[in-house]
Amino acid sequence: MPDFSPLSRSLVLGSTSRYRRELLARLGLPFDVAAPAVDETPRPDEAPRALAVRLALAKARAVAGPHPRAIVIGSDQVADLDGEPLGKPGNHERATAQLRRMRGKTVVFHTAVAVVCQDCGFEQVDLAPVRVRFRDLSDDEIERYLRAEQPYDCAGSAKSESLGIALLDAIDSDDPTALIGLPLIRTCRMLRAAGLVLP
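Worth saying up front: this structure is predicted, and the values here are computed from it rather than measured. Each chain carries its own residue numbering, running from 1 in the written order of its sequence. It should be noted that, the model being predicted, local features are given only for residues of pLDDT at least 70 and side-chain atom pairs only at 80 or more, the latter also being counted only at that level, while totals for whole chains, interfaces and linings use all residues. Only hydrogens and water are set aside when side-chain values are computed; all heavy atoms of the structure are taken into account.

## Describing the overall build of the protein chain
Thought 1: The number of helices and strands found in the protein chain is 5 helices and 7 strands.
Thought 2: Put simply, DSSP marks the helices as runs of H or I at least four residues long and the strands as runs of E at least two long, and each gets a number from the N terminus on. Taken from the N to the C terminus, the helices and strands of the protein chain come in the order β-α-β-α-β-β-α-β-β-α-β-α.
Thought 3: Relative to its length of 199 residues, the protein chain is compact, with a C-alpha radius of gyration of 17 Å against a globular reference of 16 Å.
Thought 4: Expressed along its principal axes, the backbone C-alpha trace of the protein chain runs to roughly 60 × 35 × 25 Å.
Thought 5: Residues classed as buried in the protein chain amount to 49% of the 199 residues present.
Thought 6: Long-range pairs, those at least 24 residues apart, make up 67% of the contacts in the protein chain with a sequence separation of at least 6.
Thought 7: Counting only carbon and sulfur atoms, one obtains 50% of the accessible surface of the protein chain, whose full area is about 9,500 Å².
Thought 8: Charge counting treats Lys and Arg as positive and Asp and Glu as negative, with His and both chain ends excluded. A charged residue contributes its charge at one atom only: NZ of Lys, CZ of Arg, CG of Asp or CD of Glu. For the protein chain, the separation between the mean place of its 26 positive charges and that of its 27 negative charges on side chains is 2 Å. Atoms considered for the radius of gyration are the C-alpha atoms alone. The globule rule reads 2.2 Å times the number of residues to the power 0.38. Categorising residues by exposure relies on relative accessible area from a 1.4 Å probe, with only protein chains included: less than 20% of the type maximum marks a residue as buried, more than 50% marks it as exposed, and the intermediate range marks it as partly exposed. Contacts: residue pairs with any heavy atoms within 4.5 Å of one another. Surface exposure here means Shrake-Rupley accessible area, sampled with a 1.4 Å probe, where a residue is shielded only by the protein chains that are shown.

Written out as structure tokens, the structure is:
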């Protein structure tokens, strides 16, 4: 019978994102970090929400392989603009183009989280969609923001936890940290189901 004892399981975050690492640290649990070797290329005609779910699970499974006794968290976020996935811009030019396309529009940020324990056969995945309405930004506002924040490692080119909040008109979410990169309400729910003791 699988051993779900919390004392027998380490916790591993399958991500190199400093944002997810900082969010998970809020729970006060000891955890390790491992980089998942996962190709994040979207499949042809793959919907943004399906892409986020697939990659979160793939990341958790990839890290669970070499850590079979651990409880592993994988997560991924994909920005959805009218059904088109928007990833991390990587540079100033692509970030400028993304923000110009999103101004005045509602973008859905699909943040998926998966929890896997290979040894005990546990696997769950959930999705936290966040609807974000962008202001009708001027080119000057976009340029000033990007020069100040340089959010080139963020899906959709905006960091809502800092200056990026000034770009927005509204955020609609039932899991407040999802937009930053890890939906902690859903994560806690799955960690409890996997056997970890949380408050």
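Still more ground to cover, so stick around.
## Some words on the nonpolar core
Thought 1: Among the nonpolar cores identified, the biggest contains 22 residues, and Leu99, Phe109, Phe134 and Leu167 are the most heavily contacted of them.
Thought 2: Secondary-structure elements contributing two or more residues to this core are β3 (71–81), α3 (92–102), β5 (106–117), β6 (122–134) and α4 (139–149).
Thought 3: With 4 residues, β6 is the largest single contributor of residues to this core.
Thought 4: Apart from residues no more than four positions distant in its own chain, Phe109 is found in contact with Gln77, Val78, Ala79, Ala128, Pro129, Val130, Val132, Phe134, Ala155, Gly156 and Leu179. Put simply, a nonpolar core is a bunch of buried Ala, Val, Leu, Ile, Met, Phe, Trp, Tyr and Cys residues held in one set by side-chain atoms that sit within 4.5 Å of each other.

## Let's talk about helix α1 (residues 18–25)
Thought 1: What α1 keeps buried is the set Tyr19, Arg20, Leu23 and Leu24. Down the axis of α1, the sector holding all buried residues measures 130°, keeping them to one side.
Thought 2: On the buried face of α1, the contacting elements are β1 (11–13), β3 and α5 (184–193).
Thought 3: For this analysis, a polar contact is any N or O atom pair within 3.5 Å, provided that within protein one partner can donate a hydrogen and the other can accept it, and provided that sequence-adjacent residues contribute only side-chain to side-chain pairs. Regarding α1, its N-cap is Ser17, as a side-chain oxygen of that residue lies 3.2 Å from the backbone nitrogen of Tyr19 further along. This arc corresponds to the set of directions leading from the helix axis out to the C-beta atoms.

## A word on the side chain of Glu46
Thought 1: Position of Glu46 relative to the elements: it lies in the loop between β2 (32–33) and α2 (48–64).
Thought 2: Within polar-contact distance, the side chain of Glu46 engages the side chain of Arg54 at 2.7 Å.
Thought 3: Leave out the neighbours within four places in its chain, and Glu46 touches Leu51 and Arg54.

## Some remarks on the side chain of Arg186
Thought 1: Within the fold, Arg186 resides in helix α5.
Thought 2: In contact with Arg186, not counting residues within four places along its chain, are Val113, Asp126, Leu127, Ala128, Asp174 and Asp175.

## Observations regarding the pairing of β3
Thought 1: With 11 of 11 residues buried, β3 lies mostly within the body of the structure.
Thought 2: Here β3 shows two buried faces, one formed by Ile71, Ile73, Ser75, Gln77, Ala79 and Leu81 and the other by Val72, Gly74, Asp76, Val78 and Asp80.
Thought 3: A pair of strands is treated as paired once DSSP finds two or more bridges between them. One ladder, built from 3 bridges, connects β1 with β3; its direction is parallel. Bridge assignment links Leu13 to a residue of β3, and that residue is Ile73.
Thought 4: For β3 and β5, the ladder comprises 9 bridges, and the chain directions are antiparallel. Counted as the bridge partner of Ala79 is Phe109 from β5.
Thought 5: Pairing between β3 and strand β4 (residues 84–86): 3 bridges, direction antiparallel. Bridged to Asp80 within β4 is Pro85.
Thought 6: Where β3 hands over to β4, the hairpin turn is made up of 2 residues, of which Asp82 adopts a positive phi near 55°.

## Some points on the pattern of salt bridges
Thought 1: Whenever a carboxyl oxygen of Asp or Glu lies within 4 Å of a side-chain nitrogen of Lys or Arg, that contact is scored as a salt bridge. The full count for this structure, using the stated rule, is 17 salt bridges.
Thought 2: Across the pair Arg69 and Asp119 runs a salt bridge, and its minimum N-O distance is 3.1 Å. Within this pair, whereas Arg69 is found in the loop between α2 and β3, its partner Asp119 is found in the loop between β5 and β6, the two being separated by 50 residues in sequence.
Thought 3: Given a relative accessible area of 42%, Asp119 falls into the partly exposed group.
Thought 4: Salt bridges linked by common partners bring Asp126, Asp174, Asp175, Arg186 and Arg189 together as one network.

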